[in-house]
Number of protein chains: 2
Amino acid sequence: MAETPGGESLLFLTDEQLRKGIEAMFFAYRGFTADPDRILEGMDYGRAHHRAIHFIHRSPGTTVSNLLSILGVTKQSLNRVLRTLIEDGLVRSEKGKVDARERHLHLTDKGQMLERELSDAQRARMRAAYRAAGPQAVAGFRQVLEAMMDPEMRRQYNRLKEGG
Amino acid sequence: MAETPGGESLLFLTDEQLRKGIEAMFFAYRGFTADPDRILEGMDYGRAHHRAIHFIHRSPGTTVSNLLSILGVTKQSLNRVLRTLIEDGLVRSEKGKVDARERHLHLTDKGQMLERELSDAQRARMRAAYRAAGPQAVAGFRQVLEAMMDPEMRRQYNRLKEGG
DNA sequence: TTGGAAAGTCAACAAGGCTGACGTAAATTC
DNA sequence: GAATTTACGTCAGCCTTGTTGACTTTCCAA
């Protein structure tokens, strides 16, 4: 049995173990998005709207270009989503005071309500999973996910962590 | 500080911790799909083709309806993907011998080659993440993901685990 | 004052989901 | 043996969400 200098088994690095991890990601991500998707269906919104709402809530006053780099989509794609959210009165866009080219984004009260509904549902599932797995498993979960990110994504993720 | 009867801290269940987990899932999933996406762009294929190829490789001879229940899409959607894979000679479809209504799916040699290329890339990232996080973190990672799945998805996941 | 960055818009397109309707062959049930 | 159900395929049309390309407006900063 393969052992590292430190003595840990390397069996967790077999192709079979890696494949299980890949499939776990696939199935778990479905669960991860299932509840918000269910809430949004019927409204005119989808997962893209959820993501925008989440990160605007997370960083109130964020600019469009900051949101673009977090979401990793084109401005045309994001703009379509933002426009409907602004028209429907969920998001408020205001010109920057120091730099008037920028648009600072905030959730309205109505936007806050939808955000709350969506994140309550998503957190409920996450909470149940965390509770079932326990604190040590959760720490490992986060470690592996962080290691799986592209460096640029990890930078974004950590910037959010600190900021909050 | 909140403590369970067992004595573990419950701080890992705060909304803040849950939010970090949610964002970690979002950013990590991007990394998870990035390498195969890069390989497939330029070919006429996308993520949907990758998923079909993965699970046909995983369960050679599987039927269309079995694949449907694993992927959770409509037959029209899956059919569009399968048709191109069959036309391009990556997948072979053959009538069932015991039940001739069924179509059993296999990867051709050409299909195996693409599968290998895709899964090598995806496993490389997963392996790096596993190695960086260590075996105990990996165990926790899998525990949390399993707990996050819908029961039906968990059933599918476990059926695959055993079968492999 | 002018170059370039930030933001927005229009048009066109593609992938990949979806529903509904219909057809065919084979298995199952009555 | 007839009727029904199951497995699969296909056509048509729609939606969301991503893409590129071209263009305009605004406005900061060198």
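Remember, predicted model here, so these are calculated numbers, not experimental data. Positions within a chain are numbered from 1, following the residues in the order the chain's sequence is written. Labels are handed out in written order, letters beginning with A for the chains and numbers beginning with 1 for the ligands. Local features in this predicted model are restricted to residues whose pLDDT is 70 or higher, and side-chain atom pairs enter the listing and the counts only when it is 80 or higher, whereas totals over whole chains, interfaces and linings include all residues. Note that water and hydrogens are dropped before the side-chain values are worked out from all heavy atoms of the structure.

(A) A look at the overall build of chain A. Within chain A, the regular secondary structure consists of 7 helices and 3 strands. By the criteria applied, helices consist of DSSP H or I runs no shorter than four residues and strands consist of E runs no shorter than two, each listed in order from the N terminus. Helices and strands appear in chain A in the N-to-C order α-α-β-α-α-β-β-α-α-α. In this setup the radius of gyration rests on C-alpha atoms only. A globule is expected at 2.2 Å times the number of residues raised to 0.38. Taking 2.2 N^0.38 as the reference for a compact globule, 164 residues should give roughly 15 Å; the C-alpha atoms of chain A span a radius of gyration of 19 Å, well beyond that estimate. In terms of its C-alpha atoms, chain A occupies a principal-axis envelope of roughly 60 × 35 × 25 Å. Here the analysis covers contacts within chain A between residues at least 6 apart in sequence; of these, 47% occur between residues at least 24 apart. Split by element, the accessible area of chain A, about 8,300 Å² in all, is 51% carbon and sulfur. Positive charges are assigned to Lys and Arg, negative charges to Asp and Glu, while His and the chain termini are left out of the count. All charge positions are set by atom: Lys at NZ, Arg at CZ, Asp at CG, Glu at CD. When the 26 positive and 22 negative side-chain charges of chain A are each reduced to one mean point, those points stand 4 Å apart. Contacts are residue-level and defined by heavy atoms, with any inter-residue pair within 4.5 Å sufficient. Values of accessible area rely on a 1.4 Å probe in the Shrake-Rupley scheme; residue burial ignores everything except the protein chains shown.

(B) View of the nonpolar core. Nine residue types can take part in a nonpolar core, namely buried Ala, Val, Leu, Ile, Met, Phe, Trp, Tyr and Cys, and a core is a set of them joined through side-chain atoms within 4.5 Å. Burial here depends on accessible area, computed with a 1.4 Å probe over protein chains only, as a share of the maximum for the residue type. Under 20% is buried, over 50% is exposed, and the range in between is partly exposed. Counting residues in each nonpolar core, the largest one holds 92 residues, and the members touching the most others are A:Met148 and B:Met148. A per-element tally of this core places helix 1 (residues 15–40) of chain A first, with 11 residues.

(C) Structural view of the sheet that holds strand 2 (residues 91–95) of chain A. Residues and elements named next belong to chain A. Pairing between strands is defined by DSSP: at least two bridges between them are needed. Ordered by their spatial adjacency, 3 strands build an open sheet running 1-3-2, and the pairing between neighbours is antiparallel. Strands at the two margins of the open sheet, each flanked by one partner only, are strand 1 (62–63) and strand 2. Relative to strand 3 (residues 103–107), strand 1 runs antiparallel, the two being bridged by 2 bridges. Bridging from a neighbouring strand, Thr 63 pairs with His 104 of strand 3.

(D) Seen up close, the relation of the copies chain A and chain B. C-alpha atoms of residues with pLDDT of at least 70 in both copies form the basis for the least-squares superposition of the copies. The transform that puts chain A on chain B rotates by 180° and translates by 0.0 Å along the axis, for an RMSD of 0.0 Å. Between the two chains, the operation in question is that of a two-fold axis. Residues of chain A ranked by C-alpha distance from the rotation axis are headed by A:Phe141, positioned 1.8 Å from it. In this assembly, 100% of the residues forming the interface of chain A have copies in chain B that are likewise at the interface, indicating an isologous arrangement.

(E) Molecular detail of the protein's contact with DNA strand C. Residues are classed as near a molecule or strand on a simple rule: at least one heavy atom within 4 Å of it. Lining the immediate surroundings of DNA strand C are 26 residues, of which A:Lys75, A:Arg101, B:Arg51, B:Thr74 and B:Arg80 lie closest. For DNA strand C, the fraction of protein-proximal atoms (within 4 Å) that sit in sugar or phosphate groups is 59%. Polar contacts, as used here, are pairs of N or O atoms within 3.5 Å; protein pairs need one atom able to donate a hydrogen and one able to accept it. Residues neighboring in sequence count only if both atoms are side-chain atoms. Measuring from a base oxygen of DNA strand C, one finds a side-chain N or O atom of B:Gln76 at 2.9 Å. Residue assignment for the surface near DNA strand C shows that the elements contributing at least two residues are helix 3 (64–71) and helix 4 (75–87) of chain A together with helix 2 (47–58) and helix 4 (75–87) of chain B. Residues were grouped as follows: Ala, Val, Leu, Ile, Met, Phe, Trp, Tyr, Cys and Pro as nonpolar; Asp, Glu, Lys and Arg as charged; and all remaining residues, including Gly, as polar. Partitioned by chemical class, the residues of the surface near DNA strand C number 5 nonpolar, 10 polar and 11 charged.

(F) Main features of the packing of helix 1 of chain A against helix 6 (residues 135–148) of chain B. Only the stretch in contact is used when fitting a helix axis, every axis being a line fitted to C-alpha atoms; angles between N-to-C directions are given from 0 to 180 degrees. One way to put it is that helix 1 of chain A packs onto helix 6 of chain B with a least axis distance of 8 Å and a crossing angle of 35°. Every pair of crossing elements has a handedness; the one defined by helix 1 of chain A and helix 6 of chain B is left-handed. Across the interface between the two elements, A:Gln17, A:Lys20, A:Gly21, A:Ala24, A:Met25, A:Ala28, A:Gly31 and A:Phe32 of helix 1 of chain A pack against B:Phe141, B:Arg142, B:Leu145 and B:Met148 of helix 6 of chain B. Among the residues forming the contact of helix 1 of chain A with helix 6 of chain B, the class breakdown is 7 nonpolar, 3 polar and 2 charged. Each crossing is labelled by how the near helix is turned from the far one, with a counterclockwise turn of less than a right angle marking it left-handed and a clockwise turn marking it right-handed.

(G) Region of interest: the interface of chain A and chain B. Counting residues at the interface gives 60 residues for chain A and 60 residues for chain B. We define buried area as the total accessible area lost by two parts upon association, computed with a 1.4 Å probe and summed across both. Together chain A and chain B conceal approximately 6,200 Å² of surface at their shared face, both sides included; 73% is due to carbon and sulfur atoms. The term salt bridge refers to a pairing of a side-chain nitrogen on Lys or Arg with a carboxyl oxygen on Asp or Glu at a separation within 4 Å. Our count for the contact surface shared by chain A and chain B stands at 8 salt bridges. Among the salt bridges present, the one from B:Arg58 reaches A:Glu23, with a minimum N-O distance of 3.1 Å. Applying the counting rule to chain A against chain B returns 18 residue pairs in polar contact (both at pLDDT 80 or more). Those elements that provide at least two residues to the side of chain A that touches chain B are helix 1, helix 2 (47–58), helix 3, helix 5 (109–133), helix 6 (135–148) and helix 7 (151–163) of chain A. In terms of residue count, helix 1 of chain A provides more of the side of chain A that touches chain B than any other element does, 19 residues in total. Looking at the side of chain A that touches chain B residue by residue, the classes come out as 32 nonpolar, 12 polar and 16 charged.

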